Amino acid sequence: MKRLLLTLLALPTLAFAQNERKHVRFLPLGELPDWKEELVDGIRRQTKPPEGALPPTLISAPNGAENIQKQGLVLRQPTGFMTFGPQAEGLSLHEGDVAAGVAWLKSPMPTSTFSLGVLFRNNADMTWKSPKMMLLDDSKDAVPAGSIRFVNVSDLRAIVKVGAQSEVIKPGGVLVKPLKEGANPILAGYYDKNGAVVMVFQNSVKLLQSQRVQAFFFKGQGL
């Protein structure tokens, strides 16, 4: 089983009017828990995954006293935007739709107008009970059209090769590389505990005009 996984997304360049509001979308990274089932009255039924095996299916966040933002979470799929005004003191994400009680995750409000909150399990205990978030500038300046951004939220060193040059991305690191329109050969892997490179991706990424791509390394299930 590979300790590091990679997912790629073609996320469009954002275009909103510039103002004091902050636009944040979220991307939960991870895998579904192993399928387990039991016999109930002669019928096989999936057993409920253990607590913390999955992120909440719905999160909410207050934006002032009377405005509640809501978004559903699906693994490896970006949410829609939550938009916060200048009165919002920070990001306080809650399970469910009422944004009450103890927050599932808290973070300072991002400074950039457009942000991507990369959600992932704690690499130490691999549970969603104590999630982590890497908050990234997601503007066209940070990730321009015609580029790919690699993000490493794992606890291992990743290595990527775009074109002729190989580069290492440390845990928590980010690397942005230009791409050409059309097919772009890309190799991606990581260094295991013995220092050997384990490949996780070897393919061509096809870039369309005015498109940008983002790639995320994250720790594998059960490791």
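Above this text sits the structure in question.
So, here's what we can say about the structure. (Residues numbered from 1 in each chain as written. Predicted model: local features only at pLDDT ≥ 70, side-chain atom pairs only at ≥ 80, totals over all residues. Heavy atoms only, no water.)

Moving on: the pattern of salt bridges. When their charged atoms lie close together, side chains carrying opposite charge are able to pair. Applying the stated criterion across every chain yields a total of 5 salt bridges. Residue Arg25 pairs with Asp138 through a salt bridge whose shortest N-O separation is 3.2 Å. In this pair, Arg25 is assigned in strand S2 (residues 22-28) and Asp138 in the loop between strand S11 (132-137) and strand S12 (147-152), connecting sequence segments 113 residues apart. Classification of Asp138 by relative accessible area gives buried; the value is 0%. (Salt bridge = Lys/Arg side-chain N within 4 Å of Asp/Glu carboxyl O. Helix = DSSP H or I, 4+ residues; strand = E, 2+ residues; numbered from the N terminus. Buried < 20%, exposed > 50% of the residue type's maximum accessible area, 1.4 Å probe, protein only.)

Strand order across the open sheet formed by 4 strands is S14-S13-S16-S17, with antiparallel pairing between neighbours. In the strand order of this sheet, the two ends are held by strand S14 (165-169) and strand S17 (197-207), each with one partner. Along the sheet, successive strands turn relative to each other by an average axial angle of 20 degrees, direction set aside. Judged from the 10 bridges that link them, strand S16 (residues 182-191) and S17 form a sheet pairing that is antiparallel. By the bridge assignment for S17, Ala188 is matched with Phe201. (Pairing = 2+ DSSP bridges. Axes fitted to C-alpha atoms, helices over the stretch in contact; angles between N-to-C directions.)

With that out of the way, let us pick up the nonpolar core. Core analysis: the largest hydrophobic core is formed by 20 residues, its most contacted members being Ile148, Phe150, Val160, Ile169, Ile186 and Phe217. When residues of this core are traced back to their parent elements, those giving at least two are strand S1 (4-9), S12, strand S13 (158-162), S16, S17 and strand S18 (213-219). In contact with Val160, other than residues within four places in its own chain, are Phe150, Gln165, Ser166, Glu167, Ile169, Leu175, Leu187, Ala188 and Phe217. If you look at the next biggest cluster of nonpolar residues, it comprises 17 residues, including Val24, Leu73, Trp104 and Leu105. (Core = buried A, V, L, I, M, F, W, Y, C linked by side-chain atoms within 4.5 Å. Contact = heavy atoms within 4.5 Å.)

Bringing the packing of aromatic side chains into the picture now. Counted under the stated rule, the structure contains 2 aromatic pairs. On the numbers, 6.2 Å between centres and 25 degrees between planes, the contact of Trp104 with Trp128 is stacked. You can see Trp104 sitting in the loop between strand S8 (90-95) and strand S9 (105-108) and its partner Trp128 sitting in the loop between strand S10 (114-120) and S11, a full 24 residues away along the chain. Pair check on accessibility: Trp104 and Trp128 agree, each one buried. (Phe/Tyr/Trp six-rings, centres within 6.5 Å; stacked < 30°, edge-to-face > 60°.)

What follows concerns the side chain of Gln214. Tracing the chain through its elements places Gln214 in strand S18. In this structure the side chain of Gln214 is engaged in a polar contact, spanning 2.9 Å, whose partner is the side chain of Asp138. One polar contact links Gln214 to Arg149, side chain to side chain, over a distance of 2.8 Å. (Polar contact = N/O pair within 3.5 Å; in protein donor to acceptor, adjacent residues only side chain to side chain.)

Take the sheet that holds S11 next. Here we have 4 strands laid out as an open sheet, ordered S7-S2-S10-S11, and mixed in their pairing. Both edges of this open sheet fall to strand S7 (82-84) and S11, since each of them pairs with a single strand only. Looking at each pair of strands side by side, their axes are set apart by 25 degrees on average, direction ignored. Sheet analysis places S2 next to S7, joined by 3 bridges and oriented antiparallel. Bridge pairing in S7 places His23 opposite Thr83.

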